[in-house]
Amino acid sequence: MTFKDWKEWYRSLPWTMKWFVILILIRPLVDNFYKLKEVSPLISPLNIVGILTPVMILASINSGKVSGRTRSGIANVFFIFGFLIVFDWILLVLVFPKIETVGYFIKSFTPPFLFLYLLYAIKSRRDLYGIMTSFLYSGIYLLFLLLYETFFGSISGEHLTEGRGGGERLMGFYNDMMNYAIYIVGALLIGGYFFLRNVYSRKKSKYYVLRFAIILICCLVGLFGIKHVSTWAVCLAIFSLLSLYNL
């Protein structure tokens, strides 16, 4: 999806979906303020977003502006996962009735709740491509941050012992390197999807190989920077699947 196509898609969206696209775009910036929660939970942008997200999901689904839920083969598995999360956290809230426990419950329940929302929001491949492209655009900020740290030194990195590979782990302005890791994995997965779509398409986009090569290089720079074995393993698994389907 080109930037022009993405803009046209975004302008055509109802408010029930526009807020979610905005959330995707600003999330890397919001995550910079993680440590504000130590000053006060009430002024933490992360807490505010965490509370507003399920509220906006319920408002969108009940607005009457979205049609019925899209059927998905994986939905039942995801709902079982969500049920287990809710059951576990209800027990924890009963045993440890603290405000922190309730906060962690909201945070843990958000992924299955978002999945339910997307079953209502995504009605076509264009919607799917638009959301995936929005994720790639949101990663531009992290890319500039990563390149700055790579060439000019770590901002708030963690020094690793020799047993963990040594050197400095890049973390940007974030609390840990997982913010980088999530976008590295997501960019590789989405970039690989668009690459395979062009491989199997009769009408191929221009420069699709070059675009995927750029994403792959950026992911490699990030992987060397964050020095995280689990993220390497996930990316190698994704790249192996891409290579298999490319054959």
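Structural data are supplied above this passage.
Because the structure is a prediction, the values reported are computed rather than measured.

## Points about the overall build of the protein chain
Consideration 1: From N to C terminus, the protein chain includes nine helices and two strands.
Consideration 2: Taken along its principal axes, the extent of the C-alpha atoms in the protein chain is 50 × 50 × 30 Å.
Consideration 3: When burial is assessed residue by residue, the protein chain has 35% of its 247 residues classed as buried.
Consideration 4: Pairs at least 24 apart in sequence give 67% of the contacts found in the protein chain among residues at least 6 apart.
Consideration 5: Accessible surface, the protein chain: about 15200 Å² in total, of which carbon and sulfur atoms supply 70%.
Consideration 6: Separation between the mean location of the 24 positive side-chain charges and that of the 12 negative ones in the protein chain comes to 15 Å.

## Let's talk about the layout of surface pockets
With a probe scaled to a water molecule rolled over the atoms, the places where space remains empty come into view.
Consideration 1: The space that makes up the second largest pocket amounts to roughly 780 Å³.
Consideration 2: Around the second largest pocket, the lining comprises 30 residues; the ones closest to its centre are Leu 136, Tyr 137, Ala 187, Arg 211 and Ile 215.
Consideration 3: Contributing elements (two or more residues each) for the lining of the second largest pocket: helix 6 (125-152), helix 7 (178-199) and helix 8 (208-226).
Consideration 4: The residue makeup of the lining of the second largest pocket, split by class, is 20 nonpolar, seven polar and three charged.

## Let's talk about the pattern of salt bridges
Consideration 1: Under the criterion given, the structure shown has one salt bridge.
Consideration 2: Between Arg 27 and Asp 31 there is a salt bridge, with its nearest N and O atoms 2.8 Å apart.
Consideration 3: Classification of Arg 27 as partly exposed rests on a relative accessible area of 31%.
Consideration 4: Take Asp 31: its relative accessible area is 10%, and that puts it in the buried class.

## Comments concerning the state of the cysteines
Consideration 1: All told, the structure shown has zero disulfides when counted by the stated rule.
Consideration 2: The thiol of Cys 218 is not disulfide-bonded; the next cysteine sulfur, from Cys 219, is found 7.0 Å away.
Consideration 3: Residue Cys 218 is classed as partly exposed on the basis of its relative accessible area, which comes to 24%.
Consideration 4: Of all cysteine sulfurs, the one in Cys 235 lies closest to Cys 219, which takes part in no disulfide; the gap is 6.1 Å.
Consideration 5: Residue classification places Cys 219 among the buried positions, given a relative accessible area of 4%.

## Some points on a nonpolar patch on the surface
Consideration 1: On the surface, Ile 80, Phe 83, Leu 84, Phe 87, Ile 90, Leu 91, Leu 92, Leu 94, Val 95 and Phe 96 cluster together to form a nonpolar patch covering roughly 1000 Å² of accessible area.
Consideration 2: Within the secondary structure, Phe 87 sits in helix 4 (residues 75-95).
Consideration 3: The class for Phe 87 is partly exposed, based on a relative accessible area of 45%.

## Considerations on the packing of helix 2 (residues 15-30) against helix 6
Consideration 1: With their axes 7 Å apart at the nearest point, helix 2 and helix 6 run at an angle of 25° to one another. The orientation of helix 2 relative to helix 6 falls into the category roughly parallel. As for how helix 2 packs across helix 6, the hand of that crossing is right-handed. On the side of helix 2, the interface is formed by Met 17, Phe 20, Val 21, Ile 24, Leu 25, Pro 28 and Leu 29, while helix 6 contributes Asp 127, Ile 131, Ser 134, Phe 135, Tyr 137, Ser 138, Tyr 141 and Leu 142.
Consideration 2: Among the residues making up the contact of helix 2 with helix 6, the classes are represented as 12 nonpolar, two polar and one charged.

## What about unusual backbone geometry?
Consideration 1: You will see that Lys 227, though not glycine, has its phi angle at about 50°, which is positive.
Consideration 2: As for its position among the elements, Lys 227 is in the loop between helix 8 and helix 9 (229-246).
Consideration 3: Classification of Lys 227 by relative accessible area gives partly exposed; the value is 29%.

## Let's talk about the side chain of Thr 16
Consideration 1: When you line up the elements, Thr 16 lands in helix 2.
Consideration 2: A relative accessible area of 2% places Thr 16 in the buried class.
Consideration 3: Those residues in contact with Thr 16 that sit more than four places away from it in its chain are Ser 60, Ser 63, Lys 65, Val 66 and Tyr 117.

## Here we look at helix 6
Consideration 1: The end-to-end C-alpha separation of helix 6 is 40 Å, in line with the 40 Å expected for 28 residues at 1.5 Å each.
Consideration 2: The sharpest bend along helix 6 measures roughly 30° and falls at Tyr 141.
Consideration 3: Backbone geometry just downstream of helix 6 places Gly 153 in the positive-phi region, at approximately 105°.

What counts as what
Residues numbered from 1 in each chain as written. Predicted model: local features only at pLDDT ≥ 70, side-chain atom pairs only at ≥ 80, totals over all residues. Heavy atoms only, no water. Helix = DSSP H or I, 4+ residues; strand = E, 2+ residues; numbered from the N terminus. Buried < 20%, exposed > 50% of the residue type's maximum accessible area, 1.4 Å probe, protein only. Contact = heavy atoms within 4.5 Å. Areas by Shrake-Rupley, 256 points an atom, 1.4 Å probe, with all protein chains shown as cover. Lys, Arg positive; Asp, Glu negative; His and termini not counted. Charge placed at Lys NZ, Arg CZ, Asp CG, Glu CD. 1 Å grid on protein atoms, 1.4 Å probe; cavity = no way out; pocket = protein on both sides within 12 Å on 5 of 7 lines; lining within 4 Å. Points joined across faces, edges and corners; volume = space filled by probe spheres on them. Nonpolar A, V, L, I, M, F, W, Y, C, P; charged D, E, K, R; others polar. Salt bridge = Lys/Arg side-chain N within 4 Å of Asp/Glu carboxyl O. Disulfide = S-S within 2.5 Å. Patch = residues over 30% accessible without salt bridge, like charges linked within 9 Å, V, L, I, M, F, W, Y side chains within 5 Å. Axes fitted to C-alpha atoms, helices over the stretch in contact; angles between N-to-C directions. Parallel < 35°, antiparallel > 145°, perpendicular 65-115°, else oblique. Left-handed = near helix turned anticlockwise from the far one by under 90°. Expected span 1.5 Å × (residues − 1). Bend = angle between axes of the 7 residues up to and from the residue.

By themselves, these observations are geometric and do not establish any function.
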